[in-house]
Amino acid sequence: MTDSRPPIRLLYIDDDRGLSRLVQKELGRHGYEVTLAPDGDAGLDALNGEAVFDIIALDHYMPGRDGLDVLPCILDRPSPPPVVYVTGAQEGRIAVAALRAGAADYVIKDVSEDFTALLRSALEDALLRRRLERENEEAQEQVRIARDRAEAMLREVNHRVGNSLQLVSSFMSLQQRHLSDEGARAALREAQARIEAVAHVHRRLYTSGDMERVELDAYLEGLVEELGKSVGPEGAAPSITLKAQSIWVSTDQAVSLGVVVTELITNAVKYAYAPGQGGEIRVILERDAESRRAILTVEDDGPGLGEGTPKGTGLGGKIITAMASGLRSAIEFDQAHTGVRARLAFDL
């Protein structure tokens, strides 16, 4: 049964003609097609010709230029084959210099039969490493292509989700205009604000280069701006301010935190100040200096909690509790604060 594998094309550069012919004969028996070059310049001429080589063996001592002079010329070529350096038994320093210069391996040169066996072993090891390197590069490229494709698909999903939520929000705005009951209109406005908080996350995702994380301070800036436009007539409603450090969170964290902020601001607008009174609602985001956590605070200067619990129907409180639970945390109210100060600590 004949071996159908293509021969390994070796360029053997050495001025020792007797040893070169021995290498050509012995390696030819093991599936090598050996081209001989008597010096460095002849070896470079062979590389510049039409022949293609899988690997090169390069001797150190040669007329004209030695192997360390020729080696950089080989390795500077585009996609050069691996080079196994051939040196004498007492020239370990030269072998180390060749490896540092980019040689794949080295072999001690002598006239015994062991030389060709050692050379073949070094050549095959170098070829195996080169094949594994190429397979690894190809695998990494496939991973990169798959990741880019997945990110493009995820960006499109976020785009569509954001557009769909925006459409739902627009339907709710239309519905509000046809309602005469102020309670029903207020309930729709609150639901619309919750939808907008989630939609804003998806809008940031499909316009960002990062599909897994959200820049929380920038997200809250946009959310607070939108809430400020929707809470009431300009100049009559409380002003909403934001002071936030730069913090990145996951998509799920951003959704939960956005809904919490929306609920707390909506509650403060309704109960902290009388109609037309104005006032200020402050949103603060900062890192906890003593732990790997961040603290989100929403506070006002209104009359406070009264009986110790937020006012309202209880739906907002249930939503806040659910969102905080998803963050493995809970809302804490500062009883010493004059108005309402709600704090939520969460892991980064």
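Everything here concerns the structure above.
Asker: Help me understand the sheet that holds strand E7 (residues 239–244) in this model?
Answerer: Whether parallel or antiparallel, the strands of a sheet pair through hydrogen bonds between backbone atoms. An order of E7-E9-E10-E12-E11 is seen for the five strands of this open sheet, with the pairing classed as mixed. The sheet terminates laterally at E7 and strand E11 (331–333), the two strands that pair on one side only. For this sheet the average axis-to-axis angle between neighbouring strands, irrespective of direction, equals 15°. Note that strand E9 (residues 280–287) and strand E10 (residues 293–300) share seven bridges and pair antiparallel. For Glu286, the partnering residue across the bridge sits in E10 and is Ile295. With respect to the sheet, helix H7 (residues 216–230) is in contact with E7, E9, E10 and strand E12 (341–347), its orientation differing from that of E7 by roughly 175°.

Asker: Help me understand the pattern of salt bridges, please; the structure alone is not making it clear to me.
Answerer: Oppositely charged side chains may form a pair once their charged atoms are brought near each other. This structure, assessed with the given rule, holds 16 salt bridges. For the salt bridge of Glu280 with Arg282, the shortest nitrogen-to-oxygen distance reads 2.9 Å. Residue Arg282 is classed as buried on the basis of its relative accessible area, which comes to 16%.

Asker: How should the packing of helix H3 (residues 67–75) against helix H4 (residues 92–101) be read in this particular structure?
Answerer: The geometry of a pair of packed helices is captured by two quantities: the angle between their axes and the separation between those axes. Between H3 and H4, whose axes approach to 10 Å, the crossing angle comes to 15°. Between H3 and H4, the angle is such that the two are roughly parallel. Both H3 and H4 take part in a crossing whose hand is right-handed. Only Ile94, Ala97, Ala98 and Ala101 of H4 make contact with H3, whose side of the interface consists of Leu68, Leu71 and Leu75.

Asker: Explanation requested: the environment of Leu220 in the structure shown.
Answerer: Its place among the elements puts Leu220 in helix H7. When the C-alpha atoms of Leu220 and Ala244 are compared, they prove to be 8.3 Å apart, with 24 residues separating the residues in sequence. Aside from chain neighbours lying at most four places away, what touches Leu220 is Leu242, Val261, Leu285 and Leu296.

Asker: Looking at this model, I keep getting lost on the sheet that holds strand E3 (residues 55–59). Mind explaining?
Answerer: The strand order E2-E1-E3-E4-E5 describes an open sheet built from five strands, whose pairing is parallel. Taken across any chain shown, the strands that pair with only one partner, and hence form the sheet edges, are strand E2 (32–37) and strand E5 (105–108). Recorded for the sheet is a direction-independent mean angle of 20° between the axes of neighbouring strands. Note that E3 and strand E4 (residues 83–87) share four bridges and pair parallel.

Asker: What should I look at first to understand the packing of helix H2 (residues 40–48) against H3 in this one?
Answerer: For the pair H2 and H3, the least separation of the axes is 10 Å and the interaxial angle reads 10°. Regarding the angle of H2 to H3, the classification is roughly parallel. Of the residues in H3, those in contact with Gly40, Leu44 and Leu47 of H2 are Val70, Cys73 and Ile74. Here the residues of the contact of H2 with H3 are counted per class, giving five nonpolar, one polar and no charged.

Asker: I would appreciate a short explanation of the side chain of Thr266 in the present structure.
Answerer: Among the structural elements, Thr266 can be located in helix H8 (residues 251–271). A distance of 2.7 Å separates the side chain of Thr266 from the backbone oxygen of Thr262, its partner in a polar contact.

Asker: It is not clear to me how H8 should be interpreted in this structure. Could you clarify?
Answerer: The α-helix winds at 3.6 residues per turn, so residues separated by three or four positions along the chain end up facing the same way. Taking 1.5 Å of rise per residue, the 21 residues of H8 would be expected to cover 30 Å, and the 30 Å separating its terminal C-alpha atoms lies within 8% of that figure. Extensive coverage of H8 is indicated by the burial of 17 of its 21 residues.

Asker: Sorry, what's going on with unusual backbone geometry here?
Answerer: The phi torsion of most residues other than glycine is negative, and most of the peptide bonds are trans. For Ser79, which is not glycine, the phi torsion reads 50° and is therefore positive. By secondary structure assignment, the location of Ser79 is in the loop between H3 and E4.

The rules we used
Residues numbered from 1 in each chain as written. Predicted model: local features only at pLDDT ≥ 70, side-chain atom pairs only at ≥ 80, totals over all residues. Heavy atoms only, no water. Pairing = 2+ DSSP bridges. Helix = DSSP H or I, 4+ residues; strand = E, 2+ residues; numbered from the N terminus. Axes fitted to C-alpha atoms, helices over the stretch in contact; angles between N-to-C directions. Contact = heavy atoms within 4.5 Å. Salt bridge = Lys/Arg side-chain N within 4 Å of Asp/Glu carboxyl O. Buried < 20%, exposed > 50% of the residue type's maximum accessible area, 1.4 Å probe, protein only. Parallel < 35°, antiparallel > 145°, perpendicular 65-115°, else oblique. Left-handed = near helix turned anticlockwise from the far one by under 90°. Nonpolar A, V, L, I, M, F, W, Y, C, P; charged D, E, K, R; others polar. Polar contact = N/O pair within 3.5 Å; in protein donor to acceptor, adjacent residues only side chain to side chain. Expected span 1.5 Å × (residues − 1).

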